[in-house]
Amino acid sequence: MKNDILLNILILSPLLSALFIFFINIFFVNTRQYIFTILALLGSGVSALLALYVSYYSYFYSKIFSSHFFTWLNVGEFSIELSFRADSLSSFMLLFVAPVSFLIHIYATGYMNKDKSYGRFFAYFNLFIFFMFILVLADNPIVMFIGWEGVGLTSYALVSFYFEDIKNTYAGNKAFILNRIGDFGFLSALMILFIEIGSGGFSFETIFVNLHQIDNQSVNLIAFLLFVGAMGKSAQIPLFVWLPDAMAGPTPVSALIHAATMVTAGVYMITRFAPLYNIAIDISLFISYIGALSALFAAIVASRQYDIKKILAYSTMSQLGFMFMALGVHAYSTALFHMFTHAFFKALLFMVAGAIIVSFSHKQDIRELRGIKYSAPLLFIMMGVGAITISAIPPFSAFFSKDAIMSSLYVSSHYELFAIAFVASLLTAYYMFRMLFVIFFTKSFQDGKQNAKSMIYPMLILTFLSLFSGFLNFPEIFLGDLNVSSWLNLADKKVLIEHSTEIILMFVNTVCIMAVIYFTYKRYAYTDKILQESEVSIVANKFYIDEIYDVVFVKPLQYLSIFINKTISYTMIDRSINIIAFSYAKAGRLFSYIENGNVRYYALYMAIGLMFGFVYLYVLLGTRL
Amino acid sequence: MLKAYMILSVILFSIGIVGLISRRNIIVIYMSIELLLNSVNISLIAISADLADSSAQVMSLIIIAIAASEAALFMSLFVILFRNRSSLDANLFDILSSNK
Amino acid sequence: MNILSLIIFLPIIVALFLFFIKENVKLVKIVYIIVTLAVLLLSLDLYINFNPDDSMQFIESHIWIAEYGINYHLGVDGVSLGIVMMNAIIMPLIAIGLYKQRDNGGYWINLLFVQGGVMGAVLSLDLMLFYLFWELMLLPIFFMLGLFGYARSNFIAMKFNLYTIFGSLMMLIAILYIAVVHKEQFGFYSFDLNELKKLSFSSMESLLVFGGFMLAFAIKIPIFPFHTWLSDTYRSAPTGIVIVMSALMAKLGVYAIWRFLFSLFNDTSHLLAPYFIGLGLFGLIYFGISAMSQNHLKRMFAFSSASHLSLIVVGFFIYDIYGLVGSSYLIVAHALSSAALFLMVGIMFERTRTYSIDELGGIARVAPKFALFFAFFALSIVGIPSTAGFVAELLIILGAFTYNIYIGFISAITILIAMLFMFKVISKVLYGELSAATANFKDLRFHELLALIPLALLILAMGIFPNFFIHKIKPTAKYCSTNLEGPCYVK
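Here's what I pulled together on the structure shown here. Each chain carries its own residue numbering, running from 1 in the written order of its sequence. Labels follow written order: the first chain is A, the first ligand is 1, and so on. Side-chain atom pairs in this predicted model are given and counted only at pLDDT of 80 or more, local residue features only at pLDDT of at least 70, and totals for whole chains, interfaces and linings cover all residues. In computing side-chain properties, one takes all heavy atoms of the structure into account and sets aside hydrogens as well as water.

## Focus on the arrangement of the chains
We count it as follows: By definition, residues are in contact when any of their heavy atoms lie within 4.5 Å.
Where 2 pairs of chains are in contact, the pair with the most contacts is made of chains A and C. With respect to C-alpha atoms, chain B approaches chain C no nearer than 23 Å, and the pair has no contact.

In C-alpha cells:
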C-alpha cells in the first residue's frame, strides 16, 4: 500500500515528542522548563502544519493520503492492518483538531508556567493528540477503537493531573469508567459487525460495500451499540455525569479535550458510519431524541451554575446535543460544521476562563469574580465575542452552523425536535450572557495579574476564527457555496427548504435571541440578582443526577461486593469446606476414645475380633464341625 | 467321651475370657490367663486320647513349660507395677490414653 | 541432551546442591540468578527454534517403567511454549527485584524446585510423569507458606495443601482408571498420551473420569465455587510464592485442561462446554465484584487474578480459533502483568510494612517512578490498548460473539469488571495525602527497575506488535479448532 511519509510524520511526531518528554522527565531531574516547551511545541506544531497541508490538498485537489504501518493482528478471518487514511472527512477533522491543539499547546505553556509537573503535563498532552490522530485517521474500526480508548486513557491522566487532592483523581476515575461503559457498547457493536461481514477484510471501505448483506435487526443493534459508545465519549444522557467533574483538571485540558477534540469523537464516529445510520432510521431518530434531551437538560442546568468551568462544561454537552440532533436526521455535514465552529469558540471561552482564573488568584465562582472589566479589558472583549457567537447572532460563525441545524430539524418534520432545539438555543443565550453580565457588567472592581503573552496570542487567533469561520460554509440563500458540505461529500439527506422559510426561521431565531439577551441584561447587569439566587434548588443541584446514580448503581454494587464476600464466599462455601475438615477432626477425636490406655478394653477388643474370626470359620466350614 | 472333655474345655475357656475382661485386679487377670492356657491343655489331652496321637501331648507339655516362664515374668511385673502405684488396679494404668 | 530435559532438571539438581551451602545466603542468591538466567537462555533458544507450522516439537521419549507403561515423554507445542517462556522470564526477575529482601537460603532453593516442577508439568506428555511434577510443584510451596508466610500461615498452608491434594487425588484415581481401561482394551498398561488417545469410553465412564480431572484443575485455577482457598493463601504467602502461584501455577490448571481433557475427552468436553463457559463468565463477574470491597492489597489482586483466569477458561472452552489464541495470549499477558504487580506490592511492603489500602496514600508525590510503573501495570490488567491484555480480551470477546451473541455480551462485560476495583486502588494508593506508612517512601532502586522494565517493555511490545508473537501459537490453535473429532496434535 502507499505509504505517505507526510501522514506518518503527522501521526508520529506527537508520539515521539511525548516519549522524549516522558523519558527526560522520569530519568533526569531538574531539567529546564524550556526543553519541555520546545519538545512539546515541536510535536504539535509539526502535525498542525502537516494537517493544514493535508487538508489543503484534500480540499483543492481531492487527494487522499494513506499510509500502512504493519499487520497488527491476523487470526483466522480477523485481519487488522494498522493503516491510516486521510479522506475528506478525516482531513476536515484534522483541519480543526490539529491547529486548535497547537494553539492550546501555546496557551498551556503560559498557563502551566512554573508548575512542578510541567514535563508530565506535556507528555500526556502530546500523547493525547497522538491518540486523537489515530482515532481520526484510522482506516478500520478496530484501529479507531484503539484511538478511542487511548484518548479516554490520556483524558483520565490529565483530569487527575493535580493528584495531590484525591478528589481530582476521583473525577478522573469517573471519566474513565463512564467512557468505558460506552466502550463496552462500541466494542460489542464492532464484534457483531465483524461476525456479520468481516470476512473480506475489515476496513471501512469493505464494510460499507458489504453493508447490504446484514439483516435489518442486526443493523439496528449495531447502530444502537455504536451510539452507546458515542453517549459515553460525547457526554450525552445518560452517560454524561463525568463531564462536569472533569473540570477538575487544568483548564487547557478542558479546552482541548472537553471542548474541541475528545467529546467530538462521538460525532465523528457516527458520521464515519453514516451509511449504516442511513439504513437504521429508528436508531437515528433515537439519537436525535437523546441529543435533544441532553441539549435541553444541560442548558437548564447551566443556567443555575456558579462555577465558570461548569457552566462551560454543560454548555459543551448542550452543543453536542445539537450536533447529535442533526446527525439523527441525517444532516451530517451540518453537524460537522457546527462541530467545527464550536471547537473554536468553545476553546476560546475555556481559555478566557483559564486566563481569568489565573489572573484573579484561582477564583472560579462567578459571584466572586465580579468587576474585572477594567483590569482585564481584553478578556472582556474575548468573552463577549464568545458569548455572542455561541448565541448564534449573525454574522458570526455559529449563526451559520446552528441555523443550518435548525433548518434541517424543521425540514425533517419532527417539529418537537425543532421546538426543543429552539428552547435550548434561547437558554444558551441566557446562561452565556448571565455569565458575561455577572462578571463584567457590575459596579464593583477587582484587580488582577496580567496574563502572559503566550496565553493572549492564541486566544486572539481563536477570537478571529470564531468570528469568521462561518464563511467557510456559506449557505445558498446568501449566495454561498456550501464549501464544506460539498467537500465532505457525505451521505447527507437532501434538505429541500424554501428560501423564504429559511429566512423567516433565521429572522425569528435572531429576534427571540436578542429578546432573551435583553431580558438577561435587565436581570443581571449592574444588579445583585445573582447573589440572591439560592443554591439549593433542584436545578442548581443538577437535578440530583449524581446522587441518583450513586444510589441506583454505585451503592448497590458496593453492597453486592460486601455481600458476596461475607455471605457467599465466607459463610456458604468456605464454612462448608471447613465443616468437612472439622468433622474429620471430630470423628478422629471420637475414635480416640477407643484407645483409653486401659489394658482390659484392649483385651475386650481382642476377644471381639476372635469372636468374628470364629463366626467366619463356622460359616465357612459349614456345620461339619 | 471326647465331647464331655471338649465342653469342659470350652466352659473353662469362656470363664477365662470373662475373667480376663471383667476383673480389675491384675493378679486375677493373670489367673484368668492361666485358666485359658489350662483349658487349652485339657482339650489337647482329650484330643490326643481320642485320636491316639501323642503329638498333642507334646504340645501340651510345651504349653505348661511356657506358662511357667510366663508366671515368672508376670510376678516381676506385679512387683514393679505395685511399686509404681501402690495398687494393682488395672484401671489405674492408663498413661498411654489419648484423651487426657 | 534434549533441551527440554535440561530446562526441567537444571533448577532441580542445582537446588539439591544448594542445600549444602544454605547458610551462605549471598552465594545462594547469586547461584539462583545464574541458574534461572541459564534456563531463560535455553528457553529463548527453544523459542527461536520453535517451528510454528509443526505442532508438537522437541519430543523426547524414553521407556521408564515398562511394566506399567510409564514413559518419560516430553514435548512442547504453541500453548505450552507460552507458559515455558513465562516461567523462564519471571523467575530471575523475582530474584532481581527482591534482591535485598529475602535473606534466607531456603526461600530461593524452594523457588528453584518450583520452577523445575512447573517446567516438568507443562512439558510432560505422559500422565504419570505429569502427576509426578504436579505434586512436586506443591511441596515447596507448602514449605514456603509455612516457613515464610504471614498471619496464620500454618493453618493456611495446611488448608491450601489439603484442598489441592484432594483434587489431585481425584485426578490420580481418574488416571489409574484410564490406565486400567487401556489394559482392558489393548492388553497393556499405558500412561502415554499418544497411546491413550486411541481409547474409547462409554459416556458414563468418560463423564466420571472427566470429572476427576476437572476437579483437580478447577481447584487449581480456581473456578467458582472452588475458590475459597485463594484469598487467604495469597494474603499469607510470601511475595515470591504469590507471584509464582498467580502467574504460573494457576495457568497450569488451564493448560492441563487443554493438554489432557481436550485431547482425551473431546466429546465430553464439547458436551460440557456450555456449563464451563457459564461458570467461567459467572466467576469473572463474581470475582471482579468481590475484589471491590477488599481492603488488603494482596487479596484484591488475588480476586483480580481469579477473574482473569475465569476469562481464560471461557476462552478455552469456546474452542474456536479466536478463543484459543486469545486465551493463550491472555495467559502470557496476565502472567506478566500480575507478576509485575505483585512484585511491586512486595517492594511496597518492604518500605511501608503494610498491605492495607486504607493505610496507604500519596505515593506518587514522593516516588514518581514507582507510581508510573504501578499505574501502568494496573492499567495493563484493565486492558487498555497498547498492552497485551487488550489484544487478548479482544480475541476472546470475538470468539464469544461467534459462539453466541448473549455470551458475547456477557464476556464483553469483562472490560468493565477490572476497572471497578483497579481505579480505586490506584487512587487510594498513589494519590492524595501521604499517610504515616508512606511518609518515607523511597523511590525505586536500580535493581528493582531492572526487574520491572523488561516486564513493562514486554507488555507494551505484545500490545503494539501482537502479530509477531501470535504467529507462534496460531497453527496449533488452528489445527485443533478445525479438527474437532480426532486427536489434537500430530506426532
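## Here's the deal with the packing of aromatic side chains
Using the following cut-off: Here is the rule: rings of Phe, Tyr and Trp (six-membered ring for Trp) pair when centre to centre is within 6.5 Å. Planes less than 30 degrees apart are stacked, more than 60 are edge-to-face, and the remainder are tilted. Each helix corresponds to a stretch of at least 4 residues labelled H or I by DSSP, and each strand to a stretch of at least 2 residues labelled E; elements are numbered beginning at the N terminus. Note on exposure labels: buried denotes an accessible area under 20% of the residue type's maximum, exposed denotes more than 50%, and partly exposed covers the range between, all computed with a 1.4 Å probe on protein chains only. Lysine NZ or arginine CZ positioned within 6 Å of the ring centre and within 35 degrees of the ring normal marks a charge as sitting over the ring.
As enumerated under the stated definition, the model contains 89 aromatic pairs over all chains in all. Where Phe22(A) meets Tyr124(A), the ring centres are 5.6 Å apart and the plane angle is 85°; that geometry is what we call edge-to-face. Remark: Tyr124(A) occurs in helix α4 (residues 118–137) and Phe22(A) occurs in helix α1 (residues 5–27); sequence separation between them is 102 residues. Their ring planes at 55° and their centres at 5.4 Å tell us that Phe130(A) and Phe131(A) sit as a pair that is tilted. Each member of the pair, Phe130(A) together with Phe131(A), is buried. Directly above the aromatic system of Phe322(A) lies the positively charged group of Lys402(A), at a separation of 4.8 Å from the ring centroid. In this structure, Lys220(C) packs its charged tip against the face of Trp134(C), placed 4.8 Å from the ring centre.

## Side note on the interface of chain A and chain B
Put simply, the test is: The term buried area denotes the loss of accessible surface (1.4 Å probe radius) that occurs when two parts are joined, taken as the sum for both partners. The salt bridge criterion pairs a side-chain nitrogen of Lys or Arg with a carboxyl oxygen of Asp or Glu, the two atoms within 4 Å. Any pair of nitrogen or oxygen atoms within 3.5 Å is treated as a polar contact; in protein, a donor-acceptor pairing is required on top of that, and neighbouring residues in sequence qualify only through side-chain atoms on both sides. Following the grouping adopted for this structure description, the nonpolar residues are Ala, Val, Leu, Ile, Met, Phe, Trp, Tyr, Cys and Pro, the charged ones are Asp, Glu, Lys and Arg, and the polar ones are all others, Gly among them.
Tallying the contact residues gives 10 residues for chain A and 15 residues for chain B. Across the interface of chain A and chain B, roughly 1,000 Å² is buried in total on both sides, 55% from carbon and sulfur atoms. Linking chain A with chain B are 0 salt bridges, by the criterion used here. Taken together, the connections running from chain A to chain B amount to 4 residue pairs in polar contact (both at pLDDT 80 or more). In terms of residue count, the dominant contributor to the side of chain A that touches chain B is helix α24 (residues 599–621) of chain A (4 residues). Along the lines of polarity and charge, the residues of the side of chain A that touches chain B split into 4 nonpolar, 4 polar and 2 charged.

## As for the interface of chain C and chain A
Listed per partner, the contact involves 56 residues of chain C and 52 residues of chain A. Summed over both sides, the interface of chain C with chain A buries roughly 4,900 Å², with 76% coming from carbon and sulfur. It is Leu394(C), Phe423(C) and Tyr431(C) that lose the most area in chain C upon contact with chain A, and together they represent 11% of the buried surface on that side. Joining chain C to chain A, the criterion identifies 0 salt bridges. Seen at the junction of chain C and chain A, the total is 15 residue pairs in polar contact (both at pLDDT 80 or more). For the side of chain C that touches chain A, the per-class residue count stands at 39 nonpolar, 11 polar and 6 charged.

## Points about the pairing of strand β2 (residues 78–86) of chain A
Residues and elements named next belong to chain A. The cut-off we apply is this: Here a strand pair is declared whenever DSSP counts at least two bridges between the two strands.
Here strand β1 (residues 65–75) pairs with β2 via 8 bridges, running antiparallel. When the sheet's bridge partners are listed, Leu 73 is paired in β2 with Ile 80. The turn linking β1 back onto β2 is made up of 2 residues, and Gly 76 within it adopts a positive phi angle of 60°.

## Some remarks on the side chain of Lys346(A)
Along the chain, Lys346(A) falls in helix α15 (residues 332–359). Among residues more than four places away in sequence, those in contact with Lys346(A) are Ala259(A), Leu312(A), Ser315(A), Thr316(A), Gln319(A) and Ile390(A).

## Here's the deal with helix α14 (residues 308–328) of chain A
Residues and elements named next belong to chain A. Defined as follows: Expected span of a helix, by definition, is 1.5 Å for each gap between consecutive residues, and there is one gap fewer than residues.
Taking 1.5 Å of rise per residue, the 21 residues of α14 would be expected to cover 30 Å, and the 30 Å separating its terminal C-alpha atoms lies within 8% of that figure. Extensive coverage of α14 is indicated by the burial of 20 of its 21 residues. Its side-chain oxygen placed 2.9 Å from the backbone nitrogen of Lys 309, Asp 307 serves as the N-cap of α14. At the C-terminal side of α14, His 330 shows a positive phi close to 65°.

## Observations regarding the pattern of salt bridges
Considering all chains together, one arrives at 15 salt bridges over all chains under this definition. Note that Lys555(A) is salt-bridged to Asp550(A), the shortest N-O span being 3.1 Å. Given the relative accessible area of 29%, Asp550(A) is considered partly exposed. Taking the shortest distance from any N to any O, the salt bridge between Arg445(C) and Glu448(C) comes out at 3.3 Å. Using a relative accessible area of 28% as the deciding quantity, one classes Arg445(C) as partly exposed. Classification of Glu448(C) as buried rests on a relative accessible area of 1%.

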